[in-house]
Amino acid sequence: MSTVDGVRYETDGAVATCTFDRPDRSNAMDMPMQARYGALLRQADADPAVRAVVVTGAGRAFCPGADLGLLDTVATRPPVENGFRDVLAAASASVPVVAAINGGCAGLGFVIACSADVRFAAAGAKFTTAFARRGLIAEYGIAKLLPELVGQGRARDLLLSGRTFTAEQALEYGLVQEVVPAGSLAGRAHAYAAELATHSAPRSMAVMKEQLAREPLLPLDSAAREATALMLESFGRPELAEGLASWNERRPPRFPPLSRDR
C-alpha cells in the first residue's frame, strides 16, 4: 500500500478504498492528484473483484479543494478541458461509491463528494462550495448535482453564499445520509460498502445508477416504460435466480461479477 500522486489505493475483500493523502497540503488537489483519482476509480470499476468503493481523506481533511498554488497558475496553464471526467469519476462508475467525509470538504472536494452515491460525514466536519468566494463559478457540474441532492432553494443558498456549514447541517439538508463520530467514520463507511458488495447484485446496482442518471430527466410514462423494459430483461438474468435462491436458502447471495457487455 503506497501513495502515488497524492492518492492511496487499497482493497479489502470486495471493497476498494481511495484515500486522498497529501498531508503537506491538507489533501488539496493538484492536477496529478486529480488525474490519479480518476484513474483509480476507473481501475476499481474495471476490476470484477471490486464491488464497492470508499473515497475518503487522510488526517483531518477530506479534500479542501484545488491547491491554491494551482489556482495561481491557471491563467497561464489552464486545466485540461476534459478533467471533469476525473472529478466526476464516481458518478460515471458502475460500482457504488461511498464518500466518507472525515473533515474539510470544499470546492473541488465538495464536487467529488457530491458525485458519490452515498455520503457519510464525521461529526463536526465542515463543508463549503467556496466557488463564489474565490471569484469562480459552479464548477464541474455541481450546479446539476447539488440541486438533485438538496433541492433548488438550498443549492442556490450554498452556491451563491459560499458559506461554511457543518456535517450536522448537511444531514438536515439531505446532503449526507449519516453523521457519525470521527473515530467511527472509516469503519461505518467500509461496513456499508461491504454490505452493498455482499448483498446487492453488481449488475442491479450498475443499471440502477444509469436509471438514476437518466430517468429523472424523462416524463413519468417514459421513465416507467424504460424501467419496465429493463425489468423484463432482468427476469432472464442469473441475478434473479440467485437472489431468489439465496433468500429461500437464508444465505448470502453469490451474485456473478458485473459483465461489461451487459
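Refer to the structure presented above.
Residues numbered from 1 in each chain as written. Predicted model: local features only at pLDDT ≥ 70, side-chain atom pairs only at ≥ 80, totals over all residues. Heavy atoms only, no water.

Between helix α5 (residues 107-115) and helix α6 (residues 142-150), whose axes approach to 10 Å, the crossing angle comes to 55 degrees. Considering the angle they form, α5 stands oblique to α6. By crossing handedness, the relation of α5 to α6 is classed as left-handed. Contact residues: α5 offers Phe110, Val111, Cys114 and Ser115, while α6 offers Ile142, Leu145, Leu146 and Leu149. (Axes fitted to C-alpha atoms, helices over the stretch in contact; angles between N-to-C directions. Helix = DSSP H or I, 4+ residues; strand = E, 2+ residues; numbered from the N terminus. Parallel < 35°, antiparallel > 145°, perpendicular 65-115°, else oblique. Left-handed = near helix turned anticlockwise from the far one by under 90°. Contact = heavy atoms within 4.5 Å.)

Summarising the element assignment, Thr56 is placed in strand β4 (residues 52-57). Taking the relative accessible area as the measure of exposure, Thr56 reaches 15% and is therefore buried. Not counting residues up to four positions away in its chain, the partners in contact with Thr56 are Thr17, Cys18, Thr19, Phe20, Phe62, Ala100 and Asn102. (Buried < 20%, exposed > 50% of the residue type's maximum accessible area, 1.4 Å probe, protein only.)

Once that is clear, we can look at the pattern of salt bridges. Per the counting criterion, the structure on display carries 16 salt bridges. For Asp67, the salt bridge is made with Arg25, and the minimal N-O distance between the two is 2.8 Å. Taken as a pair, Asp67 in the loop between β5 (61-63) and α2 (68-73) and Arg25 in the loop between β3 (15-20) and α1 (31-46) lie far apart in primary sequence, 42 residues in all. Arg25 sits in the partly exposed class, given a relative accessible area of 37%. (Salt bridge = Lys/Arg side-chain N within 4 Å of Asp/Glu carboxyl O.)

In this structure, the largest pocket encloses a volume near 820 Å³. Lining the largest pocket we find 30 residues, and of these Ala91, Asp117, Lys209, Leu212 and Ala213 sit closest to its centre. For the lining of the largest pocket, the leading source of residues is helix α10 (residues 202-214), giving 7 residues. Considered class by class, the residues forming the lining of the largest pocket number 18 nonpolar, 5 polar and 7 charged. (1 Å grid on protein atoms, 1.4 Å probe; cavity = no way out; pocket = protein on both sides within 12 Å on 5 of 7 lines; lining within 4 Å. Points joined across faces, edges and corners; volume = space filled by probe spheres on them. Nonpolar A, V, L, I, M, F, W, Y, C, P; charged D, E, K, R; others polar.)

We now examine the sheet that holds β3. Strand order across the open sheet formed by 7 strands is β1-β2-β3-β4-β6-β8-β11, with mixed pairing between neighbours. Two strands close off the open sheet at either side, each with one partner strand: β1 (3-4) and β11 (178-180). Those strands touched by α1 are β1, β2 (7-12), β3, β4 and β6 (97-101), and its axis lies near 15 degrees from that of β2. (Pairing = 2+ DSSP bridges.)

Moving on, we get to the nonpolar core. Phe20, Phe127, Leu146 and Leu175 are the most contacted members of the largest nonpolar core, which totals 50 residues. Considering every element that reaches this core, the biggest residue donor is α5, with 6 residues. Aside from chain neighbours lying at most four places away, what touches Leu175 is Phe110, Cys114, Arg119, Phe127, Leu146, Leu149, Val150, Phe165 and Ala170. Counting 13 residues, the second-largest nonpolar core is a separate cluster that includes Val98, Phe120, Ala189 and Ala197. (Core = buried A, V, L, I, M, F, W, Y, C linked by side-chain atoms within 4.5 Å.)

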